[in-house]
Amino acid sequence: MNTNWFVMGIACFFSVASCNQNNVGSTQAPPAVSSPASSTLTVPARVTDKNILQQGKNIFTKNCSQCHGNNAEGSQEWRKPGADGKYPPPPLNGTAHAWHHPTDVLMEIIKDGTLPDGNMPSWEGKLSDNEIMAVIFWLQSLWTDEIFKTWQGIDLSSREE
Ligand code: HEC
């Protein structure tokens, strides 16, 4: 079935990327980038490859956890703007609304950041597309099956338009 093809596509995509770097995570050489999740109309499956998820978690711990929390639990007060009028970092673990966004929108938020209206810095040029995808896959591994299923529908319809 198509899903299997897609999962294999992702696995190959990442293993090619990591084979080119002897040390996954420590080399910053930008791999050839294509967005596997948006290049097909197949519903994206959960990524369960332990190496990819661990890489995503490591990148998150290094770059994102100081704001979004060690386990992406975010700030409890994420719905209310803080004293500076800007929103606190929301949870990304499936309890807020990160899962309302299809892959390309998540990618865009992470690359662009929200400065100066918000407090999130831009990651463009600091993290490669592969690294950002690994973080997104790790975050998604924290989502319940129900949330992930809903997200799959949102992601799919965003690519049909
Ligand atoms: C300096 C603090 C800070 C850091 C570091 C940070 N963020 Fe954020 N992030 C925020 C804030 C604040 C928001 C809320 C949006 C806004 O600014 O209004 C946010 C929003 C987001 C959203 C949108 C969530 C939604 O529900 O729409 C995503 C996705 C996200 N961040 C991912 C990341 C990732 C991945 C990293 C690390 C590569 C990261 N952030 C690092 C502060 C941060």
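These remarks concern the structure in this document.

Rules used throughout
- Each chain has its residues counted from 1, running along the sequence as written.
- At least 70 in pLDDT is required for a residue's local features to be given in this predicted model, at least 80 for side-chain atom pairs to be given and counted, and no such filter applies to totals for whole chains, interfaces and linings, which use all residues.
- Near residues are defined by distance alone, with the backbone-placed C-beta atom required to lie within 6 Å of the molecule or strand.
- Put simply, DSSP marks the helices as runs of H or I at least four residues long and the strands as runs of E at least two long, and each gets a number from the N terminus on.
- Following the grouping adopted for this structure description, the nonpolar residues are Ala, Val, Leu, Ile, Met, Phe, Trp, Tyr, Cys and Pro, the charged ones are Asp, Glu, Lys and Arg, and the polar ones are all others, Gly among them.
- Here, a nonpolar core denotes buried Ala, Val, Leu, Ile, Met, Phe, Trp, Tyr and Cys residues that are linked to one another through C-beta atoms within 7 Å.
- Partly exposed residues are those whose C-beta has more than 12 but fewer than 20 other C-beta atoms within 10 Å; 20 or more makes a residue buried and 12 or fewer makes it exposed, with C-beta atoms placed from the backbone.
- Contact between two residues is assigned when their C-beta atoms, built from the backbone, lie within 7 Å.
- Helix axes are fitted to C-alpha atoms over the stretch in contact, other axes to C-alpha atoms as well, and angles between N-to-C directions run from 0 to 180 degrees.
- In what follows, roughly perpendicular refers to angles from 65 to 115 degrees, roughly parallel to angles under 35, roughly antiparallel to angles over 145, and oblique to any angle outside these ranges.
- Comment: arc refers to directions from the helix axis out to C-beta atoms.

### Quick notes on the site of the ligand
Phase 1 of the analysis: Residues in contact with the ligand amount to 26 residues; listed here are only the nearest, Cys64, Cys67, Thr114, Gly118 and Met120.
Phase 2 of the analysis: Elements that contribute at least two residues to the shell around the ligand include exactly α3 (65-68) and α4 (103-112).
Phase 3 of the analysis: Here the residues of the shell around the ligand sort into 17 nonpolar, eight polar and one charged.

### Things to note about the nonpolar core
Phase 1 of the analysis: Among the nonpolar cores identified, the biggest contains 24 residues, and Ile132, Ala134, Val135, Ile136, Phe137, Trp138 and Leu139 are the most heavily contacted of them.
Phase 2 of the analysis: Secondary-structure elements contributing two or more residues to this core are α2 (50-63), α4 and α5 (129-141).
Phase 3 of the analysis: For this core, the element with the most residues is α5, which contributes eight residues.
Phase 4 of the analysis: For phenylalanine 137, the residues in contact, after removing those within four places along its chain, are Val47, Ile52, Leu53 and Gly56.

### Description of the environment of glutamine 76
Phase 1 of the analysis: Topologically, glutamine 76 is positioned in the loop between α3 and α4.
Phase 2 of the analysis: A count of 10 C-beta atoms within 10 Å places glutamine 76 in the exposed class.
Phase 3 of the analysis: Linking glutamine 76 and proline 90, residues 14 residues apart in sequence, is a C-alpha distance of 7.8 Å.

### Quick word on the packing of α2 against α5
Phase 1 of the analysis: In contact at an axis separation of 7 Å, α2 and α5 are set at 100 degrees when each is read in the N-to-C sense. Here α5 runs roughly perpendicular to α2, going by the angle between their axes. Contacts from Ile52, Leu53, Gln55, Gly56, Lys57, Ile59 and Phe60 of α2 reach α5 at Glu131, Ala134, Val135, Phe137, Trp138 and Ser141.
Phase 2 of the analysis: Taken together, the residues of the contact of α2 with α5 sort by class into eight nonpolar, three polar and two charged.

### Side note on unusual backbone geometry
Phase 1 of the analysis: Here the amide bond leading from leucine 115 into proline 116 is cis, since omega sits at 5 degrees, within 30 degrees of zero.
Phase 2 of the analysis: Structurally, proline 116 can be placed in the loop between α4 and α5.
Phase 3 of the analysis: Although it is not a glycine, alanine 72 sits at a positive phi angle of roughly 65 degrees.
Phase 4 of the analysis: Locating alanine 72 in the fold gives a position in the loop between α3 and α4.

### Some thoughts on α4
Phase 1 of the analysis: Within α4 the residues assigned to the buried category are Thr103, Leu106 and Ile110. When α4 is viewed along its axis, its buried side chains cluster within an angular range of 65 degrees and face the same direction.
Phase 2 of the analysis: Structurally, α4 contributes buried residues whose contacts are with α5 and α6 (145-160).

### Re the environment of isoleucine 136
Phase 1 of the analysis: Position of isoleucine 136 among the secondary structure elements: in helix α5.
Phase 2 of the analysis: Exposure remark for isoleucine 136: the 21 C-beta atoms within 10 Å place this residue in the buried category.
Phase 3 of the analysis: Each C-alpha atom of the pair isoleucine 136 and leucine 92 lies 9.3 Å from the other, and the pair is 44 residues apart in sequence.
Phase 4 of the analysis: In contact with isoleucine 136, not counting residues within four places along its chain, are Thr103 and Leu106.

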